[in-house]
Amino acid sequence: MATVDVILAGKYPAKSHARRVAQLLQAHHGHGVSGVIYLEAQKTRLIEDNDEPMPFRQRRFFYYLSGCSLPDSHLIYDINADKLTLFIPPIDAEEVIWSGLPLSADEAMKLYDVDCVLPTTEVNATLLTIGSSCGGNAVAFAIADQVSGGTEFQGFAETNLSVLKGAIENARVVKDEYEIALLRKANDISAKAHVAAIRASRTAVNEREIEGAFIATCIANGAREQSYHPIVACGANGATLHYGKNDDDLVDHATQQRKNNILIDAGGEYRAYCSDITRVFPLGGRFTKETRQIYEIVLQMQTECIAMLKGGVQWEDVHAHAHRVAIKGLLALGILNGSEDELFEKRISVAFFPHGLGHYLGMDTHDTGGNPNYGDKDTMFKYLRVRGRLPVGSVVTVEPGIYFCRFIIDPYIQSSELGKYINAAVVDRYWAVGGVRIEDNIHITQDGHENLTTAPKAIEEIERLAL
């Protein structure tokens, strides 16, 4: 089996992605359809009231069919001719003074899996040639809000701006070998960064120092960008699902005691592909009794759910199983009262595990194709970002959690109907835990799965790193 580095030494498979998208378009529009797929890269934009460019993030639709991270570029895929052409900005003599020579057409041909590289000044002429050669029956497929003014689709019978986006979103759900290698690389780098974050906590006095250690390690290992803004939450801050301040002191100033633990949800991005990993570790080297108890439940939730994964599994069933495990664990601690079935039917565990079990992962952290139903009246399933059966080749996060958030739990306790199911006196011992979430990135295979995440999560290993 080829190693990650050997796979990534080759070209990003843009041409095969273009063919896959074309097949989906033909299935939707008719198999005899001829025409082009047209996409534009993200434009260079200046910061408001400033002459410097905004931070650049390539459009994911463009990258999927090009592998190219250059701004202000275009691509055309001629469906009939099976020809992928990349258009890059021509040399601007004045810009060379400030930024050096840009990528040349010859250099681009060596880098990218395309058939031809031309300057962007040739876009309209190329479109006209293809449109005219198809006898007036061709369709130009583009994305409505990603077509520049001045782009001309002359000679095409139809310009369809509605179906391309969905076709690419569907194609992106199933990853090929190269994409899996990119995701594995992002995970490997992020695992090093999570270890660095745990080690930094030994002497850190503020959340931002731990965040800094994570980001620095990612950059040093080739992941210059983050998949998303890191979450570094100490103590009770971990009960906020998307906590983002990352500037709280690690000492409780009222007691002068170090807070219990850190929840860090962070992942580096490698060549436009994301990792998304959550770990919880103790401040001071040892988990408190309460945090350890919750951690063990969440780890069991994750372990059992991952074991269920394979091609075709119903994601809602896996999510429901996570709640079953949570209920059993919280009952054993005396936090919940009642029978397991009754607690499940009443959706009491949602007070402690309010979000979905995971989401697709790829070029976006919350990747395309999940088909969520946020209008679902069932609180247990309302926030699932993935619905339905998992296809072979997809990558999904598995991130169960248990949280002690007063804003969510107190209404249950105060409810005349639901309050009897939660032991408020026992819950009082767990508020300082904040939240525990454990998240890995899982590649779905025909008969099972493979875990792309190597960051440590066993209690003994995490405590050893934190000492």
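Residues numbered from 1 in each chain as written. Predicted model: local features only at pLDDT ≥ 70, side-chain atom pairs only at ≥ 80, totals over all residues. Heavy atoms only, no water.

The chain goes by Probable Xaa-Pro aminopeptidase PEPP in an unreviewed UniProt entry, where it is assigned to Aspergillus bertholletiae. According to the UniProt record, the Catalytic activity (unreviewed entry) comment for the chain is "Release of any N-terminal amino acid, including proline, that is linked to proline, even from a dipeptide or tripeptide." Note on the chain: under the UniProt heading Cofactor (unreviewed entry), the record states "Mn(2+)". (UniProt positions renumbered as here; feature names shortened; annotations may be inferred.)

J.: Help me out: how do you make sense of the sheet that holds strand 1 (residues 35–40) in this one?
T.: Sheet strands associate in pairs through backbone hydrogen bonding, adopting either a parallel or an antiparallel arrangement. Spatially, the six strands line up as an open sheet ordered 4-3-2-1-5-6, and their pairing is mixed. Single-partner strands in this sheet number two, and they are strand 4 (116–119) and strand 6 (158–160). Across the sheet, the mean angle separating the axes of adjacent strands is 20° when strand polarity is ignored. Relative to strand 3 (residues 83–88), strand 2 (residues 74–78) runs antiparallel, the two sharing five bridges. Within strand 3, the position partnered with Y77 by the bridge is L84. Here helix 6 (residues 123–133) sits on the sheet in contact with strand 1, strand 2, strand 3 and strand 4, set at roughly 10° to strand 2. (Pairing = 2+ DSSP bridges. Helix = DSSP H or I, 4+ residues; strand = E, 2+ residues; numbered from the N terminus. Axes fitted to C-alpha atoms, helices over the stretch in contact; angles between N-to-C directions. Contact = heavy atoms within 4.5 Å.)

J.: Teacher, can you tell me more about the sheet that holds strand 12 (residues 268–270) here?
T.: If you trace the three strands from one edge of the open sheet to the other, you get 7-12-13, paired in antiparallel fashion. Only two strands of the sheet have a single neighbouring strand rather than two, namely strand 7 (225–226) and strand 13 (273–274). Bridge count between strand 12 and strand 13: two bridges; the pairing is antiparallel. Among the inter-strand pairings, E269 is bridged to a residue of strand 13, identified as C274.

J.: Can you walk me through the packing of helix 10 (residues 289–307) against helix 15 (residues 459–466) in this structure?
T.: Relative placement of two packed helices is described by the angle separating their axes and the distance separating the axes. Packing of helix 10 against helix 15 leaves a shortest axis separation of 12 Å and a crossing angle of 135°. When the axes of helix 10 and helix 15 are compared, the pair comes out oblique. Note on element contacts: helix 15 touches helix 10 through I459, E460, I462 and E463, opposite R292, Y295 and E296. Broken down by class, the residue content of the contact of helix 10 with helix 15 amounts to three nonpolar, no polar and four charged. (Parallel < 35°, antiparallel > 145°, perpendicular 65-115°, else oblique. Nonpolar A, V, L, I, M, F, W, Y, C, P; charged D, E, K, R; others polar.)

J.: Sorry, what's going on with the nonpolar core here?
T.: Nonpolar side chains tend toward joint burial in soluble globular proteins. Counting residues in hydrophobic clusters, the biggest one holds 132 residues, and the most contacted among them are I294, I335 and F404. Broken down by element, this core gets its largest block of residues, eleven residues, from helix 8 (residues 177–200). Residue assignment places this core across two domains, with domain 1 (4–173) and domain 2 (177–466) each supplying three or more. With sequence-adjacent residues up to four places away left out, I294 is seen in contact with L330, L333, I335, I402, F404, Y430 and V436. Listed in part, the 13 residues of the second largest apolar core include V36, I76, V123 and L127. (Core = buried A, V, L, I, M, F, W, Y, C linked by side-chain atoms within 4.5 Å. Buried < 20%, exposed > 50% of the residue type's maximum accessible area, 1.4 Å probe, protein only. Domains from an automatic or database assignment.)

J.: I tried to follow the domain arrangement of the chain on my own but got confused; where do I start?
T.: Structurally, the chain comprises domain 1 (4–173) and domain 2 (177–466). For domain 1 versus domain 2, the separation of C-alpha centres amounts to 37 Å. Contacts between domain 1 and domain 2 engage 16 residues on the former and 22 residues on the latter. Taken together, the connections running from domain 1 to domain 2 amount to five salt bridges. Two residues, E269 and R60, come together in a salt bridge whose shortest N-O distance is 3.1 Å. (Salt bridge = Lys/Arg side-chain N within 4 Å of Asp/Glu carboxyl O.)

J.: Would you mind going over helix 2 (residues 14–29) with me for this structure?
T.: Counting along an α-helix, one turn takes 3.6 residues, and residues three or four places apart therefore face a common direction. The first and last C-alpha atoms of helix 2 sit 22 Å apart over 16 residues, in line with the 22 Å expected at 1.5 Å per residue. Burial in helix 2 covers these residues: A14, K15, H17, A18, V21, A22, L25 and Q26. The first or second residue beyond helix 2 is G30, which carries a positive phi of 115°. (Expected span 1.5 Å × (residues − 1).)

J.: How should I be thinking about the packing of aromatic side chains in this particular structure?
T.: Each aromatic ring pair is summarised here by two numbers: the centre-to-centre distance and the angle between the ring planes. According to the stated counting rule, one finds eight aromatic pairs in the structure shown. Summarising the aromatic geometry, the rings of Y12 and Y63 are spaced 5.1 Å apart at their centres and angled 65° between planes, so their arrangement reads as edge-to-face. Of this pair, Y12 sits in the loop between helix 1 (4–8) and helix 2 while Y63 sits in helix 3 (residues 60–64); the two residues are 51 residues apart in sequence, bridging distant segments of the chain. No difference in accessibility class separates Y12 from Y63, as the two residues are buried. Taking the centre distance of 5.5 Å and the plane angle of 20° together, the rings of F404 and Y430 count as stacked. In this pair, F404 is assigned in the loop between strand 16 (401–403) and helix 13 (406–414) and Y430 in the loop between helix 14 (424–427) and strand 17 (435–437), connecting sequence segments 26 residues apart. Taken individually, F404 and Y430 each receive the classification buried, so the pair is uniform in this respect. Put simply, the rings of Y12, Y63, Y178 and Y273 touch in pairs and so form one group of aromatic residues. One Lys or Arg, K185, reaches over the ring of Y270 and ends 5.9 Å from the middle of that ring. The ring of F344 carries R347 above its face, with NZ or CZ at 5.0 Å from the centroid. (Phe/Tyr/Trp six-rings, centres within 6.5 Å; stacked < 30°, edge-to-face > 60°. Lys NZ or Arg CZ within 6 Å of the ring centre and 35° of its normal.)

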